[in-house]
Amino acid sequence: MRHFGHISPAVRESLFFREPCAFDAGSSSRMLSAALGATLYSPATRPRLADDVIKQTGRGAVSMVLCLEDSIDDAEVVGAEANLVRQFADLDARDAEAPLLFIRVREPEQISDLVRRLGTSVRLLSGFVLPKFTEERGELFLEALTAAEAESGHRLFAMPVLESPELLHLETRGETLRGVARTVDKYRERILALRLGVTDFCSAYGLRRAPDMTAYDVQIVGAVIGDVVNVLGRADGTGFTITGPVWEYFRLQERMFKPQLRRSPFMGRAEELRTTLIEHDLDGLLREIELDRANGLMGKTCIHPSHVLPVHALSVVSHEEYSDAQDILRPERGGGGVLRSAYTNKMNEVKPHRAWAERTLQRAEVFGVAREDVGFVELLAAGLTD
């Protein structure tokens, strides 16, 4: 699979200075953690879940979470587990291309039980999402995952969700973060990414952000994100990939603006197309994606298919970013110094900007580098109309 792999090679060539690389479930954890992109959540109760997975793969999704936790009623769990087993068997029998698939469980015991019940179709499973992760709960989840991996002989990753009240409350946040850090460091080779449960954070105070506000506008939430990145997202080799919070609004109807995108034929009329996106409640999502990256997050939790392409389009590295990153990391610049960017609009200071440049080239590998005259609107238009 690859990002933008659902569009034709000819169109990809017209959009990308450097195309996204190919990867699969067996790729390195470093590559997969950067490649997660828009991770699309779906309730495990959906009766045609296998069809949904195949459909979303054809629309550009590369990672999905099949949820047994908050997205379904407590009384539905047993039936949802049985449905998952059937749907994985269906996917396996079809041998169709599928994204990276994860199951969000409620309790550690579900991990070993589900891995056994999946049988040979476990080969389609990339890992588990672990809710309300703290040091105490996390240890139990990760022990269960380690045992299930050993029993099945199949590599399984963990994506802990940081969403507990202990993490939100100021008086317990510091020790909770230190406990989480101890746990994920102990199981570092199994941790693909850390996810943020911002909806749970808001719930603890009876809050809900409006569609024109980002998570960072809710100051109590923004403060937690900053502390999580401070402790767990450092660029010194001790940090982990931390993904962006969920965007919960989805009034967008693709059929309403597809004709306008088609008329473009991706070049020109960018302002009109941008206005169309804003009118369909994507403005808040776009601003939040940009703030995610500015605050050290990569990828995003999504609960609606219409969010996948905007997240991926804004993850593509611009030609200017790529040029700066390459200049900073040239071997002859190893001693440091300051240089003017090739675009002659900024200062590139080699030592302070090195970690940014390394992260940018990692993103360029999996999401590609846009041509000089290609921006977000062109990438989105191509993904929707090809």
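Here, every reference points to the structure presented above.
Numbering of residues begins from 1 in every chain and follows the order in which that chain's sequence is written. Reporting of local features is limited, given that this is a predicted model, to residues whose pLDDT is at least 70; pairs of side-chain atoms are given and counted only at 80 or more, and all residues count toward the totals for whole chains, interfaces and linings. Hydrogens and water molecules were not included; the side-chain quantities draw on all heavy atoms of the structure.

K.L.:
Please explain the pattern of salt bridges as it appears in this structure.
P.N.:
A side chain of one charge can pair with a side chain of the opposite charge if their charged atoms are brought near each other. The rule for a salt bridge is simple: a side-chain nitrogen of Lys or Arg has to be within 4 Å of a carboxyl oxygen of Asp or Glu. Tallying each qualifying case throughout the model produces 35 salt bridges. Here Glu 151 ties to Arg 116 by a salt bridge, and the two come within 3.5 Å at their closest N and O atoms. Here Glu 151, found in helix 6 (residues 135-152), pairs with Arg 116, found in helix 5 (residues 109-118); they are 35 residues apart in sequence, far enough to count as distant. Relative accessibility under 20% of the residue-type maximum defines a buried residue, over 50% an exposed one, and the middle range a partly exposed one, all with a 1.4 Å probe and only protein chains included. Here Glu 151 falls in the exposed class, since its relative accessible area comes to 51%. Between Arg 182 and Glu 175 there is a salt bridge whose closest N-O contact spans 2.8 Å. Judged by relative accessible area, which is 43%, Arg 182 ranks as partly exposed. Taking relative accessible area as the criterion, Glu 175 reaches 42% and is therefore assigned partly exposed. Only DSSP runs of H or I covering at least 4 residues are called helices, and only runs of E covering at least 2 are called strands; the numbering of each starts at the N terminus.

K.L.:
How do you make sense of the pairing of strand 3 (residues 63-67) when you look at a structure like this?
P.N.:
A regular strand places its side chains on the two faces of the sheet in alternate fashion. Most of strand 3 sits out of view: five of its five residues are buried. Going residue by residue along strand 3, you find Ser 63, Val 65 and Cys 67 tucked away on one face and Met 64 and Leu 66 tucked away on the opposite face as well. In this sheet, strand 3 lies alongside strand 2 (residues 38-43) in parallel orientation, the contact comprising five bridges. Bridge pairing in strand 3 links Pro 43 to Cys 67. Here, the term right-handed applies to a crossover whose path from the first strand over the helix to the second runs clockwise when the strands point away from the viewer. Running through helix 3 (residues 49-58), the crossover from strand 2 to the neighbouring parallel element strand 3 is right-handed. By this definition, two strands are paired if DSSP reports at least two bridges between them. Across five bridges, the pairing between strand 3 and strand 4 (residues 100-104) is parallel. Residue Cys 67 lies in a different strand from strand 4, and its bridge partner there is Arg 104. What joins strand 3 to strand 4 is helix 4 (residues 77-94), and the crossover it makes is right-handed.

K.L.:
Just to check I follow, could you spell out the side chain of Thr 241 for this structure?
P.N.:
Residue position: Thr 241 is located in the loop between helix 10 (219-232) and strand 8 (244-247). When its relative accessible area of 18% is taken as the criterion, Thr 241 is described as buried. Working rule for contacts: check all heavy atoms of both residues, and any pair within 4.5 Å makes them a contact. If sequence neighbours within four positions are ignored, Thr 241 has contacts with Ser 33, Leu 192, Ala 193, Leu 194 and Met 298.

K.L.:
Teacher, can you tell me more about the sheet that holds strand 3 here?
P.N.:
Note on sheets: strands pair through backbone hydrogen bonds, and any given pair is parallel or antiparallel. If you trace the eight strands from one edge of the open sheet to the other, you get 7-6-5-4-3-2-9-8, paired in parallel fashion. Taken across any chain shown, the strands that pair with only one partner, and hence form the sheet edges, are strand 7 (195-196) and strand 8. Sheet topology places strand 2 next to strand 9 (residues 300-302); three bridges connect them, and they run parallel. Note on strand 9: the bridge partner recorded for Thr 39 is Thr 301. All axes are obtained by fitting lines to C-alpha atoms, using only the stretch in contact for helices, and the reported angles, taken between N-to-C directions, cover 0 to 180 degrees. Each of strand 3, strand 4 and strand 5 (125-130) touches helix 4; the most contacted strand, strand 4, lies at about 170° to it.

K.L.:
Can you walk me through helix 10 in this structure?
P.N.:
For an α-helix the count is 3.6 residues per turn, leaving residues at separations of three or four pointing the same way. Counted at 1.5 Å a residue, the expected span for helix 10 with its 14 residues is 20 Å, and the 20 Å between its end C-alpha atoms agrees. Where helix 10 is concerned, the buried positions are Val 221, Val 224, Ile 225, Val 228, Val 229 and Leu 232. The arc that holds the buried residues of helix 10, viewed along the axis, is 135°, so those residues lie on one side. Buried positions along helix 10 lie against strand 6 (157-162), helix 7 (165-168), helix 8 (170-186), strand 7 and helix 9 (198-203). Here, expected helix span is obtained from the residue count minus one, scaled by 1.5 Å. The arc in question is the one spanned by the directions pointing from the helix axis to the C-beta atoms.

K.L.:
When you look at the state of the cysteines in this model, what are you seeing that I'm missing?
P.N.:
Two cysteines whose sulfur atoms are joined by a covalent bond form what is called a disulfide. For this text, the term disulfide refers to a pair of cysteine sulfurs within 2.5 Å. All chains considered together, the criterion is met by zero disulfides. Cys 21 takes part in no disulfide bond, and the closest cysteine sulfur to it belongs to Cys 302, at a distance of 20 Å. For Cys 21, a relative accessible area of 18% puts it in the buried group. Here Cys 67 stays free of any disulfide, with the sulfur of Cys 302 as its closest cysteine sulfur at 14 Å. Owing to a relative accessible area of 3%, Cys 67 belongs among the buried residues under this scheme.

K.L.:
Would you take a moment to explain the packing of helix 3 against helix 4 for this structure?
P.N.:
When two helices pack together, their arrangement is captured by the angle between the axes and the distance separating the axes. Here helix 3 crosses helix 4 at 50°, and the two axes come no closer than 8 Å. Taken as axis vectors, helix 3 and helix 4 run oblique relative to one another. For the pair helix 3 and helix 4, contact is made by Leu 49, Ala 50, Asp 51, Val 53 and Ile 54 and by Asn 83, Leu 84, Gln 87, Asp 90, Leu 91 and Arg 94, respectively. Side-chain classes follow a simple rule in which Ala, Val, Leu, Ile, Met, Phe, Trp, Tyr, Cys and Pro form the nonpolar group, Asp, Glu, Lys and Arg form the charged group, and the remainder, Gly included, forms the polar group. Here the residues of the contact of helix 3 with helix 4 are counted per class, giving six nonpolar, two polar and three charged. Should an angle fall under 35 degrees it is taken as roughly parallel, and over 145 as roughly antiparallel, whereas 65 to 115 is taken as roughly perpendicular and any remaining angle as oblique.

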